[in-house]
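Architecture at a glance
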Amino acid sequence: MNLKSLDGKIALITGGSRGAGRGIAIELGKAGAVVYVTGRSVKGTTTHGFPGSIDETVEEIVRHGGEAYACRCDHTRDEDTEALIERIRREQGRLHLLVNNVWGLHDVETNLQPQPFWEYPLHMWDATFSSGIRAQIATNHFAIPLMLETDSGLIVHTTFHDQDKYLGTFYYDLAKNAINRSVFALAHDFNNTKMTAVAVSPGWMRTELVLRNFNTDEDHWQEVEALQLRESPFYIGRAMSALAGDSNVHQKNGRVLHVGDLAQEYGFTDIDGRVIPRFVI
């Protein structure tokens, strides 16, 4: 892969404090994109005390020689999202890549183990739809007019998909399938443009919160048997870089793509050199 294939590209990554969003932002920065990173967590004041913040993500990009900006934004507040896009318009005048990764399920303080839908509190809807799918659609609503000014751009929604299998819990399954269908519909609306919309499904990632749940860290995860075949958040980041650098990406318009498949197609690996196949439930 050309590690500077995205020179001159402007990218917006929502939900970039930790997890997939952080990995994506850092890999895009390494590839040469100017990266705007959004989230609610700033250094010293993170959501629920979780590890990671937009400031730390940006610092990591800068350490690798990239250019990035931390933008505190609550994407459930339309005024925050609109102001963010106007900032990008004012500072850059264009936007080439939008990665919708913002997600609200971590805000729910309830038992997330599989159980019948009626045993979950109704605010699970708000966590998965208001703070998830609606927040992503609202970001598209404000960003697409800016992207259309140059009649080109790529919108990616992070998702999960496995051959239409049930995804374990009612609200999670419903929300992820809504994301996938929204990408299909968005691609239909892009038919007469040079815009592209896709969804990208990673496998089970060893995010900061996953590592914490297993009482380990990135330096010791290989000691945990359950994490042996899991991928880093940088794997999906490299998938995003490959897609953003593909001049023929429009051929994938409307599709749900899998990180393991993209690794084989584009020839990238995870940070430990492995090509990890598509995750299967």
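Focus: the pairing of strand β6 (residues 195-201)
The side chains of a regular strand alternate between both faces of the sheet. When you tally the buried positions in β6, you get seven out of seven residues, the bulk of the element. Of the two faces of β6, the one carrying Met195, Ala197, Ala199 and Ser201 and the one carrying Thr196, Val198 and Val200 are both buried. Pairing of strand β5 (residues 153-158) with β6, which is carried by six bridges, proceeds in the parallel orientation. Bridging across to β6, Leu154 finds its partner in Thr196. The parallel pair β5 and β6 is bridged by helix α5 (residues 170-189), and the resulting crossover is right-handed. Summarising the sheet, β6 and strand β7 (residues 256-258) pair through three bridges and their orientation is parallel. Bridge pairing in β7 places Ser201 opposite His258.

Regarding the state of the cysteines
Inspection of every chain in the model, using the stated rule, returns zero disulfides. The thiol sulfur of Cys71 is not disulfide-bonded, and the nearest other cysteine sulfur, from Cys73, lies at 8.0 Å. Under the relative-accessibility criterion, Cys73 is labelled buried at 2%.

Overview of the packing of aromatic side chains
Any two aromatic rings considered together are summarised by their centre-to-centre distance and by the angle between their planes. Applying the stated criterion across every chain yields a total of 10 aromatic pairs. Residues Phe170 and Tyr171 carry aromatic rings whose centres are separated by 5.2 Å and whose planes lie at 90° to one another, so their mutual orientation is edge-to-face. A relative accessible area of 31% means that Phe170 is categorised as partly exposed. Looking at Tyr171, the relative accessible area reads 3%, which means it is buried. Through successive ring pairs, a cluster of aromatic residues spans Phe117, Tyr120, Phe170 and Tyr171. The residue whose ring lies beneath Lys30 is Phe234, and the NZ or CZ to ring-centre distance is 5.9 Å. The ring of Trp221 has Arg206 lying over it, and the distance from NZ or CZ to the ring centre is 3.8 Å.

Concerning the pattern of salt bridges
Tallied over the full model, the rule gives 16 salt bridges. Put simply, Glu27 and Lys30 hold a salt bridge, and the shortest N to O gap is 3.5 Å. Of this pair, Glu27 and Lys30 both sit in helix α1 (residues 19-30), three residues apart, roughly one helical turn. Judged by relative accessible area, which is 7%, Glu27 ranks as buried. You can call Lys30 partly exposed: its relative accessible area is 27%. Across the salt bridge formed by Glu59 and Lys43, the nearest N and O atoms sit 2.5 Å from each other. Linking Glu59 in helix α2 (residues 54-63) with Lys43 in the loop between β2 (34-39) and α2, this pair joins segments that are 16 residues apart in sequence. Using a relative accessible area of 48% as the deciding quantity, one classes Lys43 as partly exposed. One salt-bridge network, held together by shared partners, links Glu27, Lys30 and Arg238.

Analysis parameters
Residues numbered from 1 in each chain as written. Predicted model: local features only at pLDDT ≥ 70, side-chain atom pairs only at ≥ 80, totals over all residues. Heavy atoms only, no water. Buried < 20%, exposed > 50% of the residue type's maximum accessible area, 1.4 Å probe, protein only. Helix = DSSP H or I, 4+ residues; strand = E, 2+ residues; numbered from the N terminus. Pairing = 2+ DSSP bridges. Right-handed = clockwise from strand over helix to strand, strands pointing away. Disulfide = S-S within 2.5 Å. Phe/Tyr/Trp six-rings, centres within 6.5 Å; stacked < 30°, edge-to-face > 60°. Lys NZ or Arg CZ within 6 Å of the ring centre and 35° of its normal. Salt bridge = Lys/Arg side-chain N within 4 Å of Asp/Glu carboxyl O.

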